[in-house]
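Here are the chains, one letter per residue:
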Amino acid sequence: MENLRIPGPTPCPDEVLQAMTKQMINHRGPQFRQILNDVTDKLKQLFQTKGDVFLLTGSGTGGLEAAIVNTLSPGDKVLSVAIGVFGERFARIATQFGAEVTPLQFEWGKAADVETVRQALQTEPRIKAVLVTHNETSTGVTNDLASISSVVKEFDKLLLVDAISSLGSINLPVDDWHCDVTITGSQKGWMVPPGLAMVSLSQEAWQAHSKAKMPRFYWDFTAAKSYLEKGQTPWTPVLPILFALSVSLEMMLNEGLTNIIARHARVAKAARDGIKSLGLSLFAEENYASNTVTAVAASDGLDTKKLLRILREEHQVVLSGGQQRLDGKIFRIGHLGWVTEDDIEAVISALKVVLPQAGFRSAS
Ligand SMILES: Cc1ncc(COP(=O)(O)O)c(C=O)c1O
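What counts, and at which threshold
- Residues numbered from 1 in each chain as written.
- Predicted model: local features only at pLDDT ≥ 70, side-chain atom pairs only at ≥ 80, totals over all residues.
- Heavy atoms only, no water.
- Near = heavy atom within 4 Å.
- Polar contact = N/O pair within 3.5 Å; in protein donor to acceptor, adjacent residues only side chain to side chain.
- Areas by Shrake-Rupley, 256 points an atom, 1.4 Å probe, with all protein chains shown as cover.
- Helix = DSSP H or I, 4+ residues; strand = E, 2+ residues; numbered from the N terminus.
- Nonpolar A, V, L, I, M, F, W, Y, C, P; charged D, E, K, R; others polar.
- Axes fitted to C-alpha atoms, helices over the stretch in contact; angles between N-to-C directions.
- Parallel < 35°, antiparallel > 145°, perpendicular 65-115°, else oblique.
- Left-handed = near helix turned anticlockwise from the far one by under 90°.
- Contact = heavy atoms within 4.5 Å.
- Salt bridge = Lys/Arg side-chain N within 4 Å of Asp/Glu carboxyl O.
- Buried < 20%, exposed > 50% of the residue type's maximum accessible area, 1.4 Å probe, protein only.

1. Observations regarding the site of the ligand
Thought 1: Neighbouring the ligand are 13 residues; Ser 59, Thr 61, Thr 137, Asp 162 and Lys 188 lie closest to it.
Thought 2: Between Asp 162 and the ligand, the recorded distance is 2.6 Å, taken from a side-chain N or O atom to a nitrogen atom.
Thought 3: Gln 187 places a polar side-chain atom, nitrogen or oxygen, 2.7 Å from an oxygen atom of the ligand.
Thought 4: Here the ligand, which alone exposes 390 Å², has 87% of that area covered by the protein.
Thought 5: For the shell around the ligand, the secondary structure elements donating two or more residues are α3 (60-71) and α4 (85-96).
Thought 6: A per-class count over the shell around the ligand returns two nonpolar, eight polar and three charged.

Below is the structure:
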């Protein structure tokens, strides 16, 4: 079996895969109602929220679009706090739907600077919402969301959070940190295949929703809410992924959120220590290095494409390269969801063999 260590899709436990082979059921019937209610309750526990949580059929990007079109109107001013590819994507969606986006871009590999966010909010009082990526998968950086949130709330703005590669793996108490819309995706820490975006909403998000005029149909939260009250989704749900999620959430609650978060921290430390022991350096500033994805700088002659190919073909280890302007400059190890220190040890052992074959000359 491949050791799939990309930052999503992530490997799924056998029980989760098994669940997807179940026969289809009536998505307007009592059996579905029971599954949907149960999954929604469990998600609320893992989101650490008492607010609404919806399951949307689509990938994480669909969830980002849903967050924007449900809370904003064309012409609304939005502050985008971007530290990589996904932060920029969130901003592009808002622009596409007519928001006036003020981009606040930080150097890739670094976290957002909270004081700069404060200054931007001071400078432009008409900003209505702030877009933030909790965990920037493209650079392996986790923002200090608690501090960003307290600044955003000091100015009483709406906070829309891309938590696609953090929620369920890295601590994110949605209510305590006053996140108004929080988005995640099934293929990340949830140990489930791609196909579902999960989003939570605060009371403030509902107030914004009642005035939001951006065009929407498939993603409309009013429809999602009224159908959820009947134990349904407005449109035909991706049943096999829901069956899978039902099993994975049970596993996650059995392990316990605190233990899951601690496991991710341990595994990430093993990845970072292993990388450094090979003479490589982290791309992310270490204080903000992510516990779900480690980005490694390609230095000293390292050909990342060759590295990834040999790892895949000869060691069945699958890692990710860099995206956009980081192509060829970094490679990334995903360690979220169903992952232990042993999986990372196997990656580090394979890297030790392959790095010299891919041109890396260790300083040590
Ligand atoms: C932080 C972040 N945001 C957004 C996305 C986009 O999600 P999807 O590919 O499921 O649309 C990803 C996926 O890698 C991500 O990691």
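2. Some thoughts on the packing of helix α2 (residues 30-47) against helix α9 (residues 239-255)
Thought 1: Running from amino to carboxyl end, α2 crosses α9 at an angle of 45 degrees, the nearest separation of the two axes being 10 Å. Classified by the interaxial angle, the pair formed by α2 and α9 is oblique. For α2 against α9, the interelement crossing comes out left-handed. Together, Phe 32, Ile 35, Asp 38, Val 39, Lys 42, Leu 43, Gln 45 and Leu 46 of α2 and Leu 239, Leu 242, Phe 243, Leu 245, Ser 246, Leu 249, Glu 250, Met 252 and Leu 253 of α9 make up the contact between the two elements.
Thought 2: Each residue belonging to the contact of α2 with α9 can be placed in one class, and the counts come to 12 nonpolar, two polar and three charged.

3. Remarks on the pattern of salt bridges
Thought 1: According to the stated counting rule, one finds 20 salt bridges in the structure shown.
Thought 2: The closest approach of N and O atoms between Asp 52 and Lys 225, which form a salt bridge, is 3.3 Å. Here Lys 225 lies in helix α8 (residues 221-229) and Asp 52 lies in strand β2 (residues 52-57), a separation of 173 residues in the sequence.
Thought 3: Classification of Asp 52 as buried rests on a relative accessible area of 16%.
Thought 4: A residue is classified by how much of its surface remains accessible, and Lys 225, at 28% relative accessible area, is partly exposed.
Thought 5: Taken together, the shared-partner salt bridges in this structure form one network comprising Asp 38, Lys 42 and Glu 250.

Geometric values such as these leave the question of function open.
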